[in-house]
Amino acid sequence: MTDRLKALADAGVSIWLDDLSRERIETGNLADLVKEKSVVGVTTNPTIFASAIANGERYDDQVRKLVADGRPVEEVVFELTTEDVRNACDVFAPVAEQTAHDGRVSIEVEPDLANDTDGTLASARALWAAVDRPNALIKIPATKEGLPAITAAVAEGISVNVTLIFGEERYREVLDAYLSGLEQARAAGHDLSTIRSVASFFISRVDGEVDKRLDAIGSDEALALRGQAAVANARVAYGAFQEVLASDRWRSLAEAGANPQRPLWASTGVKNPDYDDTLYVAELVVADTVNTMPEKTLEAFADHGEVRGDRVSGQADEARALLERLTAIGVDFPDVLVTLEHEGVDKFKKSWIELVETVEGQMEKVGK
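Being a predicted model, the structure only gives us computed values, none of them experimental. (Residues numbered from 1 in each chain as written. Predicted model: local features only at pLDDT ≥ 70, side-chain atom pairs only at ≥ 80, totals over all residues. Heavy atoms only, no water.)

Colleague: A description of the overall build of the chain should follow, citing residues and the corresponding values.
Modeller: Counting its regular elements, the chain contains 17 helices and 8 strands. On C-alpha atoms alone, the chain measures out to a radius of gyration of 20 Å, which is about the 21 Å that the 2.2 N^0.38 rule sets for 368 residues. C-alpha extents for the chain along the principal axes are approximately 65 × 45 × 45 Å. Taking all 368 residues of the chain together, the buried fraction comes to 55%. Considering only contacts in the chain between residues 6 or more positions apart, those separated by 24 or more positions represent 79%. Working note: accessible area of the chain is about 15,000 Å², and carbon and sulfur atoms make up 47% of it. Distance from the positive charge centre (39 side chains) to the negative charge centre (65 side chains) of the chain: 1 Å. (Helix = DSSP H or I, 4+ residues; strand = E, 2+ residues; numbered from the N terminus. Rg over C-alpha atoms; globule rule 2.2 N^0.38 Å. Buried < 20%, exposed > 50% of the residue type's maximum accessible area, 1.4 Å probe, protein only. Contact = heavy atoms within 4.5 Å. Areas by Shrake-Rupley, 256 points an atom, 1.4 Å probe, with all protein chains shown as cover. Lys, Arg positive; Asp, Glu negative; His and termini not counted. Charge placed at Lys NZ, Arg CZ, Asp CG, Glu CD.)

And the structure:
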């Protein structure tokens, strides 16, 4: 097992892989990552599935059968992706049994439904039933319309990965949506200990947008702040998480067996080549969090990443002061967050189109 990754895990960071393919599952690569790289979970999205399906022949037999059955492309996408997630859940089942919160595999609701509460909930129910594994997580976006769907899904006992969170205000609404769902689940007699959740807080995209605006301002003070907003933003979020854990509302739920909704640091691959390629892992080391990494980032940390202790606890005030400095020099940070959410939903939908088109291509190929 890689010492650097083990040190990261020992510091309380759950290492999840931001990738999945049938090849990884069937060759044993995924199981090897569990054994050798401290990987204890997986996140997926339509782009990941599109790449896996386009580059792998292991889907051809299933596609051929579904085409022969006359299934439309949306159903073929559903069958291929839920099959992979179900099998990945089985790979991680021992991890789920041995740990309090890990061994989870995430799958996204249909992105076209990001602004449709009822449609999102229906999609979440369908995915939860089809995967049919207790260690699955259904990804629901943290849009205004997504929030009530999160509450309703949790109330029904569905474990949720809340995705596309960019700022503290929306994150606090996500925390409230989760607690409301748990309260409704408790009232309905559900076993709260079976419900899991993570809140996916996006990291690198924040620096991407803020740095662009700092470059446009161009002053020495502005340029000196590049590459700091994303980590500060995450540290503020962790402060909100700690506040909730200290609340009477949470304690009441915890006593009934509820699990905390851990922060998950998402989009942790560094986009700017000038930055250390382990920046968004090393600077966000703190207990009770998940870091979901592309394999390139995972390998980089295994090779030269450093765990320098808790980099997050107790730093919310200092981090908030940095964000206020951004505002003072002309970066409209609330507008950054709105821009990122709109872009995130747009990318979410485009990646779905990419997946559907990829599967259509495979259907045509096997149908000839």
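Colleague: Tell me what's going on with the packing of aromatic side chains, and back it up with residues and numbers.
Modeller: Across all of its chains, the model carries 4 aromatic pairs by this definition. Ring geometry for Phe201 versus Trp265: centroids 6.4 Å apart, planes at 85°, classification edge-to-face. You can see Phe201 sitting in strand 6 (residues 197-202) and its partner Trp265 sitting in strand 7 (residues 261-266), a full 64 residues away along the chain. According to the relative accessible area criterion, Phe201 is buried, its value standing at 1%. You can call Trp265 buried: its relative accessible area is 0%. Look at Tyr238 and Phe241: their rings are 5.5 Å apart centre to centre, the planes differ by 50°, and that puts the pair in the tilted class. You can see Tyr238 and its partner Phe241 sitting in helix 12 (residues 229-245), 3 residues apart, about one turn around the helix. The pair formed by Tyr238 and Phe241 is uniform in burial state, with each residue classed as buried. Ring pairs connect the aromatic residues Tyr171, Phe201 and Trp265, which therefore count as one cluster. (Phe/Tyr/Trp six-rings, centres within 6.5 Å; stacked < 30°, edge-to-face > 60°.)

Colleague: Got a sec to walk through the packing of helix 3 (residues 29-37) against helix 6 (residues 73-98)? Specific residues and values, please.
Modeller: Remark: helix 3 packs on helix 6, axes separated minimally by 10 Å, with the N-to-C direction vectors making an angle of 20°. With respect to their mutual orientation, helix 3 and helix 6 come out roughly parallel. Here helix 3 and helix 6 pass one another in a crossing that is right-handed. Seen from helix 3, the contacting residues are Leu30, Ala31 and Val34; seen from helix 6, they are Ala88, Val91, Phe92 and Val95. Across the contact of helix 3 with helix 6, the residue classes tally to 7 nonpolar, no polar and no charged. (Axes fitted to C-alpha atoms, helices over the stretch in contact; angles between N-to-C directions. Parallel < 35°, antiparallel > 145°, perpendicular 65-115°, else oblique. Left-handed = near helix turned anticlockwise from the far one by under 90°. Nonpolar A, V, L, I, M, F, W, Y, C, P; charged D, E, K, R; others polar.)

Colleague: Break down the environment of Leu182 for me, citing the residues and quoting the values.
Modeller: Tracing the backbone shows Leu182 in helix 9 (residues 168-187). Sequence spacing of Leu182 and Gly157 is 25 residues, and the spatial spacing of their C-alpha atoms is 8.4 Å.

Colleague: Please set out the side chain of Lys37 residue by residue, giving values where relevant.
Modeller: With respect to the helices, strands and loops of the structure, Lys37 is situated in helix 3. Separated by 2.9 Å, the side chains of Lys37 and Glu299 make a polar contact. The contact partners of Lys37, leaving out residues within four places of it in the chain, are Thr2, Leu5, Ile15, Asp32, Leu298 and Glu299. (Polar contact = N/O pair within 3.5 Å; in protein donor to acceptor, adjacent residues only side chain to side chain.)

Colleague: How would you summarise the pattern of salt bridges if you had to cite specific residues and measurements?
Modeller: Using the criterion set out here, one finds 34 salt bridges in the structure. Arg125 serves as the salt-bridge partner of Glu156, at 2.5 Å between the closest nitrogen and oxygen. Of the two residues, Glu156 is situated in the loop between helix 8 (146-155) and strand 5 (160-165) and Arg125 in helix 7 (residues 117-131); the sequence distance between them amounts to 31 residues. Classification of Glu156 by relative accessible area gives partly exposed; the value is 35%. For Arg125, a relative accessible area of 40% gives the class partly exposed. A salt bridge links Asp317 to Arg320; the nearest nitrogen and oxygen atoms lie 3.9 Å apart. Residue Asp317 and its partner Arg320 are located together in helix 16 (residues 316-328), separated by 3 residues, close to a single helical turn. (Salt bridge = Lys/Arg side-chain N within 4 Å of Asp/Glu carboxyl O.)

Colleague: Explain the pairing of strand 8 (residues 289-293) to me, and be specific about the residues and the numbers.
Modeller: Burial runs high along strand 8: 5 of the 5 residues are buried. Burial of the side chains of strand 8 extends over both faces: Thr289, Asn291 and Met293 are buried on one face and Val290 and Thr292 on the other. Here strand 7 pairs with strand 8 via 2 bridges, running parallel. Residue pairing for strand 8: Leu264 is matched across the bridge by Val290. (Pairing = 2+ DSSP bridges.)

Colleague: Which residues make up the nonpolar core, and what values go with them?
Modeller: Counting residues in each nonpolar core, the largest one holds 122 residues, and the members touching the most others are Tyr171, Leu182, Leu326 and Val359. Of the residues forming this core, the biggest block, 12 residues, is contributed by helix 17 (residues 333-367). Not counting chain neighbours up to four residues away, the residues in contact with Leu326 comprise Val210, Leu214, Leu225, Ala229, Val331 and Phe333. (Core = buried A, V, L, I, M, F, W, Y, C linked by side-chain atoms within 4.5 Å.)

Colleague: A description of helix 8 should follow, citing residues and the corresponding values.
Modeller: Most of helix 8 is tucked away, with 8 of its 10 residues classed as buried. Among the residues of helix 8, those classed as buried are Gly146, Leu147, Ala149, Ile150, Thr151, Ala153, Val154 and Ala155. Among the structural elements, helix 7, strand 4 (136-141), strand 5 and helix 9 are those in contact with the buried residues of helix 8. One or two steps after helix 8, the chain reaches Gly157, where phi turns positive at roughly 95°.

Colleague: Quick rundown of unusual backbone geometry? Include the residues and the values.
Modeller: Leave glycine aside and you will find that most residues have negative phi; peptide bonds, for their part, are mostly trans. Phi at Asp132 takes a positive value of approximately 55°, unusual for a residue other than glycine. With respect to the helices, strands and loops of the structure, Asp132 is situated in the loop between helix 7 and strand 4. Residue Asp132 is classed as exposed on the basis of its relative accessible area, which comes to 53%. For Ser267, which is not glycine, the phi dihedral falls at a positive 55°. Mapped onto the fold, Ser267 is located in the loop between strand 7 and helix 14 (279-282).

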